[in-house]
Amino acid sequence: MTPSPLRMVQWGTKHPHAAGWLSVMLDNPDVDVVGVYEDDAERRQQLESGGGAPWNRSIWLDDLGAVLHDASIDAVVAEGDNSENLQQGEAVIAAGRHLLLDKPAGHDFPRWERVLESAAEQNLYIQLGYMFRHHDGYQRIANWARGGLLGDIFAIRAHMSTYVEPATHPLLASFAGGVFYDLCGHVLDQIVWTLGRPDRVTPFMQRVRPESGFVDNGVAVLEYPGALAFVDIAGLEVPPRPRRYEVYGSRGWAIMEPMEPAETVRLSLDSARDGFLEGEQTMTLEARPRYVASLQAFVRTLRGEQAPERSLEHERVVQETLMRATGAIA
């Protein structure tokens, strides 16, 4: 018997990934998109009257409270901007619904811990919207590192910069870390998955352009027993973006550039093993669309067809590390 589609709601439209997630949900036969709710009436009117995809393919909801307390709703995707998403996630869990929360998990770590504790008490699932979890290159590198192919990992380097016009993102000024806060969770998610919780995190945050009003150039150093991880993110790089991820171990290394679009990953080993050659080799990556596999994993988890790919504790440590990396918490 074919299981019924999951009934899901999207709350919020202001996150940069909101349109992408809604498109993927609308295209997934295992998801019944009940509708979209937007708190900001002006924003909703703008999207409704604009008529553009994917907003023109969905129903707009007027009473979120009724929806959240509708027992037929399985899950909510929270797609508010970085000032909205934590309170959205908190309300979803309080209503007893599963949660797909786009990154990062707010700017109040104790509050985030309470949301996770409440989810655990209710046996609810929370998945963060980190888009590289099903990225072919990141998955390969993580499997090589976690599986021992590269030996003992002693260094990871992640460079994920962008370009931000100073006047276009005033919201960044309200968060410690600015553009670093906005983006670093994607690679911290990978680093924590590989190495776990760092013993010490040291942030270096700069405001190169005073007129921007936010941190536009940042570096964080994560210290582990026998390993260091370096993350650098700026809002100053002209395109194309040379985003790069590197993992170094005692028996080999892996380097991926660019991150998107996924093209190739270079692997070098001290000896031939596990079907790989000694020395350097380059492998072509599958260019996977964002969000598709992540949504599929979310659906399978809620149906009991697979175990959660990340635990609630992982989601807690990633957010804690993000806050430490921006200097928001010690």
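None of the values given here were measured: they were computed from a predicted structure.

**What about the packing of aromatic side chains?**
Right, on to step 1. Counted by the stated rule, this structure contains seven aromatic pairs.
Right, on to step 2. Between the aromatic rings of phenylalanine 132 and tyrosine 138, the centroid separation amounts to 4.7 Å while the plane-to-plane angle is 20°, which identifies the pairing as stacked.
Right, on to step 3. Ring geometry for tryptophan 144 against phenylalanine 276: centres 5.6 Å apart, planes inclined by 80°, an arrangement best described as edge-to-face. In this pair, tryptophan 144 is assigned in helix α6 (residues 136-147) and phenylalanine 276 in the loop between β12 (264-269) and β13 (279-284), connecting sequence segments 132 residues apart.
Right, on to step 4. In this structure tryptophan 144 comes out as buried when scored by relative accessible area, which is 8%.
Right, on to step 5. A connected cluster of aromatic rings, assembled from ring pairs, spans Phe132, Tyr138 and Tyr245.
Right, on to step 6. The side chain of arginine 146 reaches across the aromatic face of tryptophan 193, ending 3.7 Å from its centre.

**A look at the nonpolar core**
Right, on to step 1. Counting 97 residues, the largest nonpolar core has Trp112 and Tyr245 as its most contacted members.
Right, on to step 2. Considering each element in turn, this core owes the most residues, nine residues, to helix α7 (residues 179-195).
Right, on to step 3. Residues within four places of tryptophan 112 in sequence aside, it is in contact with Leu86, Leu101, Ala105, Ile126, Leu128, Glu315, Arg316 and Gln319.

**Brief notes about helix α1 (residues 18-27)**
Right, on to step 1. Among the residues making up α1, those that are buried are Ala18, Trp21, Leu22, Val24 and Met25. End-on, the buried residues of α1 take up no more than an arc of 165°, which puts them together on one face.

**Re empty space enclosed by the protein**
Right, on to step 1. One pass over the structure, following the stated rule, counts one cavity of 30 Å³ or more.
Right, on to step 2. There is about 40 Å³ of room inside the largest cavity.
Right, on to step 3. Around the largest cavity, the lining residues are Tyr125, Gln127, Arg133, His134, Ala297, Phe298, Thr301, Gln306, Glu309 and Arg310.
Right, on to step 4. Per-element tally for the lining of the largest cavity: the top contributor is helix α8 (residues 292-302), with three residues.
Right, on to step 5. Class assignment for the residues of the lining of the largest cavity results in three nonpolar, four polar and three charged.

**Focus: the pattern of salt bridges**
Right, on to step 1. Tallied over the full model, the rule gives 26 salt bridges.
Right, on to step 2. With a closest N to O distance of 3.4 Å, arginine 303 and aspartate 30 form a salt bridge. Residue arginine 303 is found in the loop between α8 and α9 (312-326), and its partner aspartate 30 is found in the loop between α1 and β2 (31-37); the two are separated by 273 residues along the sequence.
Right, on to step 3. The partner of aspartate 182 in a salt bridge is lysine 103, and the shortest N-O contact between them spans 3.4 Å.

**Things to note about the packing of helix α4 (residues 85-94) against helix α5 (residues 109-122)**
In helix packing, the relevant descriptors are the interaxial angle and the interaxial distance, both defined with respect to the helix axes.
Right, on to step 1. Running from N to C, α4 and α5 cross one another at 20°; their axes reach a closest spacing of 10 Å. Taken together, the axes of α4 and α5 are roughly parallel relative to one another. As α4 packs across α5, the resulting crossing turns out to be left-handed. Seen from α4, the contacting residues are Leu86, Gln87, Gly89, Glu90 and Ile93; seen from α5, they are Arg111, Trp112, Val115, Ser118, Ala119 and Gln122.
Right, on to step 2. Classifying every residue of the contact of α4 with α5 gives five nonpolar, four polar and two charged.

**Describing the sheet that holds strand β4 (residues 98-101)**
Right, on to step 1. Overall, parallel pairing links the five strands, which are arranged β2-β1-β3-β4-β5 in an open sheet. Whereas interior strands pair on both sides, the edge strands pair on one side only; in this sheet they are β2 and β5 (126-128). Adjacent strand axes in the sheet meet at a mean angle of 20°, parallel and antiparallel pairs treated alike.
Right, on to step 2. Sheet topology note: the β4/β5 ladder contains three bridges and is parallel. When the sheet's bridge partners are listed, leucine 99 is paired in β5 with isoleucine 126.
Right, on to step 3. Of the strands in this sheet, β4 and β5 touch α5, which is tilted by about 140° from β5.

**Here we look at the layout of surface pockets**
A water-sized probe rolled over the atoms picks out the places where empty space is left.
Right, on to step 1. The calculated volume of the largest pocket comes to roughly 490 Å³.
Right, on to step 2. Across the lining of the largest pocket, the residue classes tally to ten nonpolar, seven polar and seven charged.

**Examining the side chain of asparagine 28**
Right, on to step 1. Summarising the element assignment, asparagine 28 is placed in the loop between α1 and β2.
Right, on to step 2. Asparagine 28 sits in the buried class, given a relative accessible area of 10%.
Right, on to step 3. Apart from the residues within four sequence positions on either side, asparagine 28 is in contact with Leu295 and Gln296.

Cut-offs applied
- Residues numbered from 1 in each chain as written.
- Predicted model: local features only at pLDDT ≥ 70, side-chain atom pairs only at ≥ 80, totals over all residues.
- Heavy atoms only, no water.
- Phe/Tyr/Trp six-rings, centres within 6.5 Å; stacked < 30°, edge-to-face > 60°.
- Helix = DSSP H or I, 4+ residues; strand = E, 2+ residues; numbered from the N terminus.
- Buried < 20%, exposed > 50% of the residue type's maximum accessible area, 1.4 Å probe, protein only.
- Lys NZ or Arg CZ within 6 Å of the ring centre and 35° of its normal.
- Core = buried A, V, L, I, M, F, W, Y, C linked by side-chain atoms within 4.5 Å.
- Contact = heavy atoms within 4.5 Å.
- Arc of directions from axis to C-beta.
- 1 Å grid on protein atoms, 1.4 Å probe; cavity = no way out; pocket = protein on both sides within 12 Å on 5 of 7 lines; lining within 4 Å.
- Points joined across faces, edges and corners; volume = space filled by probe spheres on them.
- Nonpolar A, V, L, I, M, F, W, Y, C, P; charged D, E, K, R; others polar.
- Salt bridge = Lys/Arg side-chain N within 4 Å of Asp/Glu carboxyl O.
- Axes fitted to C-alpha atoms, helices over the stretch in contact; angles between N-to-C directions.
- Parallel < 35°, antiparallel > 145°, perpendicular 65-115°, else oblique.
- Left-handed = near helix turned anticlockwise from the far one by under 90°.
- Pairing = 2+ DSSP bridges.

Don't take any of this as a statement about function, it's just geometry.
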